[in-house]
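Structure at a glance
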2 protein chains.
Amino acid sequence: MKVAIVGATGAVGTEFLTLLEERSFPVTSLRAFASPRSAGRTVSYAGQEVVVEPLPEDGNLGADVVFSSAGGSVSLAGAWRWVEHGAAVVDNTSAWRMDERVPLVVPEVNPEALEGHQGVIANPNCSTIIALMALAPLHRAFGLKRAVVATYQAVSGAGLWGIEELRRQTAAALAGEPVQPEKFKHQIAFNVFSHDSAVGDDGYNAEERKLLLESRKILGLPDLAVSATCVRVPVYRAHSEAIHASFERPVTADAAREVLAASPGVRVVDDRDGNTFPMPLDAAGRDDTLVGRLREDTALPNGLALFVSGDQIRKGAALNAVQIAETLFGVVPATAKRAENASPVAV
Amino acid sequence: MKVAIVGATGAVGTEFLTLLEERSFPVTSLRAFASPRSAGRTVSYAGQEVVVEPLPEDGNLGADVVFSSAGGSVSLAGAWRWVEHGAAVVDNTSAWRMDERVPLVVPEVNPEALEGHQGVIANPNCSTIIALMALAPLHRAFGLKRAVVATYQAVSGAGLWGIEELRRQTAAALAGEPVQPEKFKHQIAFNVFSHDSAVGDDGYNAEERKLLLESRKILGLPDLAVSATCVRVPVYRAHSEAIHASFERPVTADAAREVLAASPGVRVVDDRDGNTFPMPLDAAGRDDTLVGRLREDTALPNGLALFVSGDQIRKGAALNAVQIAETLFGVVPATAKRAENASPVAV
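Attention in this report is confined to the structure presented alongside it. Owing to the predicted nature of the structure, the values given are computational and were not obtained by experimental measurement. (Residues numbered from 1 in each chain as written. Chains lettered and ligands numbered in written order. Predicted model: local features only at pLDDT ≥ 70, side-chain atom pairs only at ≥ 80, totals over all residues. Heavy atoms only, no water.)

1. Let's talk about the interface of chain B and chain A
Facing the 63 residues of chain B at the interface are 63 residues of chain A. For the pair chain B and chain A, the summed buried area comes to about 5000 Å², and 60% of that belongs to carbon and sulfur atoms. Our enumeration of links across chain B and chain A arrives at four salt bridges. For the pair chain B and chain A, the number of links is 41 residue pairs in polar contact (both at pLDDT 80 or more). Elements that contribute at least two residues to the side of chain B that touches chain A include exactly strand E8 (144-152), helix H4 (160-174), strand E9 (193-194), strand E10 (225-229), strand E12 (238-247), helix H7 (280-283), strand E14 (289-296) and strand E15 (303-311) of chain B. Of the residues assigned to the side of chain B that touches chain A, the class counts are 32 nonpolar, 19 polar and 12 charged. (Contact = heavy atoms within 4.5 Å. Buried area = accessible area lost by both parts, 1.4 Å probe. Salt bridge = Lys/Arg side-chain N within 4 Å of Asp/Glu carboxyl O. Polar contact = N/O pair within 3.5 Å; in protein donor to acceptor, adjacent residues only side chain to side chain. Helix = DSSP H or I, 4+ residues; strand = E, 2+ residues; numbered from the N terminus. Nonpolar A, V, L, I, M, F, W, Y, C, P; charged D, E, K, R; others polar.)

2. Quick notes on the relation of the copies chain B and chain A
Placing chain B over chain A gives an RMSD of 0.0 Å and needs a rotation angle of 180°, together with 0.0 Å of translation along the axis. Those values place the two copies in the arrangement expected of a two-fold rotation axis. Of all interface residues in chain B, 100% are interface residues in chain A too; the two copies therefore contact each other through one and the same surface. (Least-squares fit on C-alpha atoms with pLDDT ≥ 70 in both.)

3. Examining the packing of aromatic side chains
Counting across every chain of the model gives 17 aromatic pairs over all chains. Among the aromatic residues, those joined into a ring-pair cluster are Tyr 152 and Phe 307 of chain A together with Tyr 152 and Phe 307 of chain B. The positively charged end of Arg 293 of chain B is found above the aromatic ring belonging to Phe 277 of chain B, 5.1 Å away from the centroid. Directly above the aromatic system of Tyr 204 of chain A lies the positively charged group of Arg 295 of chain B, at a separation of 4.9 Å from the ring centroid. (Phe/Tyr/Trp six-rings, centres within 6.5 Å; stacked < 30°, edge-to-face > 60°. Lys NZ or Arg CZ within 6 Å of the ring centre and 35° of its normal.)

4. Description of the packing of helix H3 (residues 126-142) of chain A against helix H6 (residues 253-261) of chain A
Residue and element names in this part refer to chain A. Relative orientation of the contacting elements H3 and H6 amounts to 120°, with a least axis distance of 9 Å. The angle between H3 and H6 places the two elements in the oblique class. In the packing of H3 onto H6, the handedness of the crossing is right-handed. Facing Ala 134, Pro 137, Leu 138, Ala 141 and Phe 142 of H3, the residues of H6 in contact are Ala 255, Ala 256, Val 259 and Leu 260. Residues that form the contact of H3 with H6 fall into these classes: nine nonpolar, no polar and no charged. (Axes fitted to C-alpha atoms, helices over the stretch in contact; angles between N-to-C directions. Parallel < 35°, antiparallel > 145°, perpendicular 65-115°, else oblique. Left-handed = near helix turned anticlockwise from the far one by under 90°.)

5. What about the sheet that holds strand E14 (residues 289-296) of chain A?
Residue and element names in this part refer to chain A. Across the sheet, six strands lie side by side as E10-E8-E12-E15-E14-E13; this open sheet has mixed pairing. Bordering the open sheet on either side are strand E10 (225-229) and strand E13 (266-268), each of which pairs with just one other strand. Between one strand axis and the next, the sheet turns by 25° as a mean value, whatever way the strands run. Two elements, strand E12 (residues 238-247) and strand E15 (residues 303-311), share nine bridges in a ladder whose sense is antiparallel. Bridge pairing in E15 places Ala 245 opposite Leu 304. Sitting on the sheet, helix H5 (residues 206-219) is in contact with strand E8 (144-152), E10 and E12, with an inclination near 150° to E10. (Pairing = 2+ DSSP bridges.)

6. Comments concerning the environment of Pro 111 of chain B
Relative to the elements of secondary structure, Pro 111 of chain B occurs in the loop between strand E6 (88-91) and strand E7 (120-122). Considered as a pair, Pro 111 of chain B and Val 50 of chain B are 61 residues apart in the sequence and their alpha carbons are 32 Å apart.

7. What about the side chain of Arg 23 of chain B?
Looking at where Arg 23 of chain B falls in the secondary structure, it is placed in the loop between helix H1 (11-22) and strand E2 (29-34). Once residues lying within four places of it in the same chain are set aside, the contact partners of Arg 23 of chain B are Asp 287, Leu 319, Val 322, Gln 323, Glu 326, Pro 333, Ala 334 and Thr 335 of chain B.

8. Focus: helix H5 (residues 206-219) of chain B
Taking 1.5 Å per residue as the helical rise, H5 of chain B with its 14 residues ought to reach 20 Å, and the 19 Å between its terminal C-alpha atoms agrees with that figure. Every buried residue belonging to H5 of chain B is among Glu 207, Glu 208, Leu 211, Leu 212, Glu 214, Ser 215, Ile 218 and Leu 219 of chain B, and all of these are buried. Where H5 of chain B is buried, its residues touch E14 of chain A together with helix H3 (126-142), E8, E10 and E12 of chain B. At the exit of H5 of chain B stands Gly 220 of chain B, carrying a positive phi of roughly 65°. (Expected span 1.5 Å × (residues − 1). Buried < 20%, exposed > 50% of the residue type's maximum accessible area, 1.4 Å probe, protein only.)

9. Quick notes on the nonpolar core
All names here are of chain A. The biggest cluster of nonpolar side chains holds 54 residues, and the ones touching the most others in it are Val 66, Ile 243 and Leu 306. Sort the elements by how many residues they give to this core and H3 lands first, with 10 residues. Non-local contacts of Leu 306, meaning those with residues more than four positions away in its chain, are made with Ala 134, Leu 138, Glu 241, Ala 242, Ile 243, Val 291, Gly 292, Arg 293, Leu 294 and Arg 295. (Core = buried A, V, L, I, M, F, W, Y, C linked by side-chain atoms within 4.5 Å.)

10. Here we look at the sheet that holds E15 of chain B
Hydrogen bonding along the main chain pairs the strands of a sheet, whether they run parallel or antiparallel. Residues and elements named next belong to chain B. Strand order in the open sheet formed by six strands is E10-E8-E12-E15-E14-E13, and the pairing between neighbours is mixed. The strands lining the two open edges of the sheet, one partner per strand, are E10 and strand E13 (266-268). Going across the sheet, the axis of each strand differs from the next one's by a mean of 25°, ignoring polarity. Pairing of E8 with E10, which is carried by five bridges, proceeds in the parallel orientation. Bridged to Val 148 within E10 is Ser 227.

11. Comments concerning the environment of Gly 10 of chain A
You can see Gly 10 of chain A is positioned in the loop between strand E1 (2-6) and helix H1 (11-22). Taking the C-alpha atoms as reference, Gly 10 of chain A lies 10 Å from Gly 71 of chain A; in sequence the two are 61 residues apart.

12. Some remarks on the pairing of E14 of chain A
Residues and elements named next belong to chain A. Within E14, seven of the eight residues are buried, leaving the element largely enclosed by the surrounding structure. With three bridges joining them, E13 and E14 adopt parallel strand pairing. Its bridge partner lying in E14, Val 268 is registered against Val 291. The pairing of E14 with E15 spans five bridges and is classified as antiparallel. Bridge pairing in E15 places Glu 296 opposite Leu 304. With antiparallel pairing between neighbouring strands as the criterion, E14 and E15 make up a hairpin whose turn holds six residues, including Asn 302 at a positive phi of roughly 45°.

13. Overview of the pattern of salt bridges
Side-chain pairs of opposite charge can arise where the charged atoms are in close proximity. Tallied over the entire structure, the rule returns 40 salt bridges over all chains. We note a salt bridge from Asp 287 of chain A to Arg 314 of chain A, for which the minimum N-O separation is 2.9 Å. On the criterion of sequence distance, the pair formed by Asp 287 of chain A in the loop between helix H7 (280-283) and E14 and Arg 314 of chain A in helix H8 (residues 314-329) is long-range, its members being 27 residues apart. Classification of Asp 287 of chain A by relative accessible area gives partly exposed; the value is 24%. Of the charged contacts, one joins Glu 108 of chain B and Lys 315 of chain B as a salt bridge, the two residues approaching to 2.7 Å between their closest N and O atoms. Of this pair, Glu 108 of chain B sits in the loop between E6 and E7 while Lys 315 of chain B is found in helix H8 (residues 314-329), placing the two residues 207 residues apart along the sequence. Under the relative-accessibility criterion, Lys 315 of chain B is labelled buried at 1%. Beyond isolated ion pairs, a larger network of salt bridges with shared partners links Glu 15, Glu 22, Arg 23, Arg 237, Asp 287, Asp 311, Arg 314 and Glu 326 of chain A.

Take a look at the structure:
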């Protein structure tokens, strides 16, 4: 398959290149696109250097599948034109997520939404994907009614510069030098701050609104009640979330653990005696979303409390998008084949 | 007044010394006690060096008021014996908080609980104090029913060593060296982990249980529903909390803001346009608890979402204890006198 990556030099773009190779996506040609100021640089794919091109005026990316993560304005302007030239577009920006023509997909949750797609498929917001990896199987078992979410979000969500800014600020703070925020408005080293997306008239910021609206669309629950407080923490690349959820039917910690243990893409980490639960450091670089701290909630009726950590760049972005493409084209990833071969029950 | 500090070399003990001077507490003599291994060291109070003593066998600390923060076992063994020798004991450990003979007090919230005390007064858990600084005035106005809390807790809560361990781990991580946790079980540099207190059979840890039980006792609401997820973050000394609360009566963000703006010890930081809200870095070293992110909650009936940051060592520990002593003995702190003199309405 002819593959194009739009935004190839960014944090998510780089991860696309790693994942396509790691999962042996059947790539016959790979083109890398980015903004004109990055054109001419090279990116690495499967041991080859690929020269980064500016986006062509005519919208013809010469691709069967486009992975796009160059920002909302690029996807807004380009996505349907890339489709006109024969590509399926898996868009990692927020540009088309709430558009009625566009499926919003987490392959483990709602792969059926891909049926009859019109060319553009949206990859959900990272916090939403990571929350739903745990909440969707619980919803199927117990009927989700409401969720209160507090996030602990890594700086990678802001882009590669977020990682660099955390590192630079931390070094300055340790050296006793004044810390000068550059792109983030507030100091992130040894601090936490409310998520750096725009705040609406109701006081919720854009990240929090995505958790509400995207969860409703993905789960097909237009009346689902979600309230989130999204917070940036000095962590490099995995997001964590404290979730307190309320269900139609009673749910015990044991029943929830059983459901989650059987859910693909989820790994239960819930060692009460050892005080070991999901941590962003353990989730970084992994495909699975870690879920633990399972408790019958003491405040919400039919409630369950839990804590999740997931790699924001992988499952929260690039991995989920590649999985969408795999589902769309019936591609079985090499990692799944390897896992099958390694299984003791495999022939 | 004759003052004794038990645990004088710890993070909270050191802050007691600072606060007694800063607030001109009427100290006629000051004795500093700590474990035998710290005996002989000196601590600074009002420009003087005070030699640290081991606790006397007979329980006579020669004090009118004892501030105790040497750990639960020391307070369990000593508190009532210190009282027998004529002291009022303000205990900053969890030893006596839930004891029926012992008032559990936040002076802005339930000073009336001090009436008829029997000598030992308990200072609440830091996360509980900081949450109630916002929730108590809201309760008086709207009737608190339930609260879902997710914390972002500083390492200072574990003691001075927590601060040192975060600094050491961060330096190692920045240098690309392996990070070796010493006292914390898990890496705290560039990571978050579930609070390092023991986990009970219901999955809640001790910190989360305190938020439930202490809030009920302080507010006099035995049926109050609280569910918390307590998390350690790489921040030095102020705790933050995302709170989603549900009330008897409808509450708007504006009405809540008005109530909080009129509450002593609270500072509203709620700049939506400037995306500036409570942050631990701004709360550190301050007396006021910062409250913001006020939103009508999209998940809870009659709900309000908010975010608070408070200095864990000050209002979360030493300041609250000193305020208890001031209330008990009718001492007006110098800071209040200074504030009054500075006020444009003062004569």
